[in-house]
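Okay, here's what each chain looks like letter by letter:
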Amino acid sequence: VGPKLFQYVVKVIVQAVQLLYTLLKIDQPSYILLQNPPGLPGIAVAWVVCLFWRSKLIIDWHNYGYTIMSLTHGRNHPLVQITKWYEKLFGRLSDFNLCVTNAMKEDLWVNCNIKAVTLYDKPASYFKETPLELQHQLYMKLAKDYEPFKPHHVPSLPWAHTKKFPPQVSSQSLLFQLKLSSLFPSLPVPSPSPAFLEPLQALEDYEHCINEGAKLPPVVCVITGKGPLKDYYNGLINKLHFKHIQICTPWLEAEDYPLLLGSADLGVCLHKSSSGLDLPMKVVDMFGCCLPVCAIYFECLHELVRHNENGLIFRDSTELAEQLKMLFLGFPTLEGKLQSFRKNLRASQQLHWDESWDQTVLPLLG
């Protein structure tokens, strides 16, 4: 009821009271760890509670709330400026600060006088390459509801109608007999995103090259997520009449998502940071599955995606199309960039979340 500004103020006050009441009822903590964003009213409430309990406040900076708000209201909106001041103030009042990139660490120090320690996002232990038999079980499960996974769409596999793989089919040979699955990100944006059109335009170029006789494999493209504009994007997809490309937009159960990533041949990431200082968690998960990626460029992406080493960075649909054609020309093959990237990811032996926490945060806490 009332103007939007009034609604927003009331919401913040109500949330602050609820959060304060809840935190004052818990047993006395030594530390309160808070992720930002969202930080309004969380940071201020956590700081007050820490004063009451004589606890220490740790802020885990994943981005800036004010840059996210500016996407809707613009950088100069009073609410955005208030939120910016608020985050800087309470960031300085915290006892410890963690952040997700070295670029954010530097920005916090230079612009906010906040000293932080970089704690990179790491994949959970269940993000890993999917064994052959689990791949088959997943595809059989998805085939019940999604046409691109039905056996008649994979004619090169004589065992597609069976319930288990014949023993002579190795994991490696299966990988290249399957159509490739490209993983696009979820669709959480509140308004149509030009970035989403980039892969669709790239796939149109890819289809054209197949029609011209290029030795490129057919593609099954899986777009995960259930954002508010999913119907809008499905409408765009339905207008495309591909012969060699199928696009599937399933709603996956939580346990199936890492299995699908671990079964794929390539991931495509469209994440663009509102601040230019955070990294896409989807790529972190993909790398946990040793899945090479093509990711759209932004300022600090090089801290995660090393171009020509564990993936490729593109700036527009033309560049993405060229990368797709280069990666999959002559597919299947045991050589080439795609396999080189996967080998590099396997060899990198990434730390998982628990190990990274023990190495970075526990020493900070003494």
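Residues numbered from 1 in each chain as written. Predicted model: local features only at pLDDT ≥ 70, side-chain atom pairs only at ≥ 80, totals over all residues. Heavy atoms only, no water.

**Q** Explain helix α13 (residues 337-348) residue by residue, including any values.
**A** With 12 residues, α13 extends 16 Å between its outermost C-alpha atoms, agreeing within 8% with the 16 Å of an ideal straight helix rising 1.5 Å per residue. Looking at α13, one finds that the buried residues are L338, Q339, F341, R342 and L345. Mapping the buried residues of α13 onto a view down its axis gives an arc of 160 degrees, with all of them on the same face. One or two steps after α13, the chain reaches Q349, where phi turns positive at roughly 50 degrees. (Helix = DSSP H or I, 4+ residues; strand = E, 2+ residues; numbered from the N terminus. Expected span 1.5 Å × (residues − 1). Buried < 20%, exposed > 50% of the residue type's maximum accessible area, 1.4 Å probe, protein only. Arc of directions from axis to C-beta.)

**Q** Could you give me a rundown of the pattern of salt bridges, with the residues and numbers involved?
**A** In this structure the tally under the stated criterion is seven salt bridges. For E129, the salt bridge goes to R342, with nearest N and O atoms at 3.8 Å. Here E129, found in the loop between β4 (117-118) and α6 (132-143), pairs with R342, found in helix α13; they are 213 residues apart in sequence, far enough to count as distant. A relative accessible area of 31% means that E129 is categorised as partly exposed. Residue classification places R342 among the buried positions, given a relative accessible area of 3%. Ionic pairing is found between E129 and R346, a salt bridge with its closest N-O pair at 2.9 Å. Of this pair, E129 sits in the loop between β4 and α6 while R346 sits in helix α13, and the two are 217 residues apart along the sequence. (Salt bridge = Lys/Arg side-chain N within 4 Å of Asp/Glu carboxyl O.)

**Q** With reference to specific residues and values, describe the packing of aromatic side chains.
**A** Counted according to the given criterion, the structure contains eight aromatic pairs. With centroids separated by 5.1 Å and ring planes inclined at 40 degrees, the aromatic side chains of Y126 and F127 adopt a geometry described as tilted. The class of Y126 is exposed, set by a relative accessible area of 52%. Seen from their ring centres, W353 and W357 are 6.0 Å apart, and the 45 degrees between their planes marks the pair as tilted. Residue W353 and its partner W357 are located together in helix α14 (residues 353-365), separated by four residues, close to a single helical turn. In this structure W357 comes out as partly exposed when scored by relative accessible area, which is 22%. (Phe/Tyr/Trp six-rings, centres within 6.5 Å; stacked < 30°, edge-to-face > 60°.)

These figures come from the coordinates and say nothing about function on their own.
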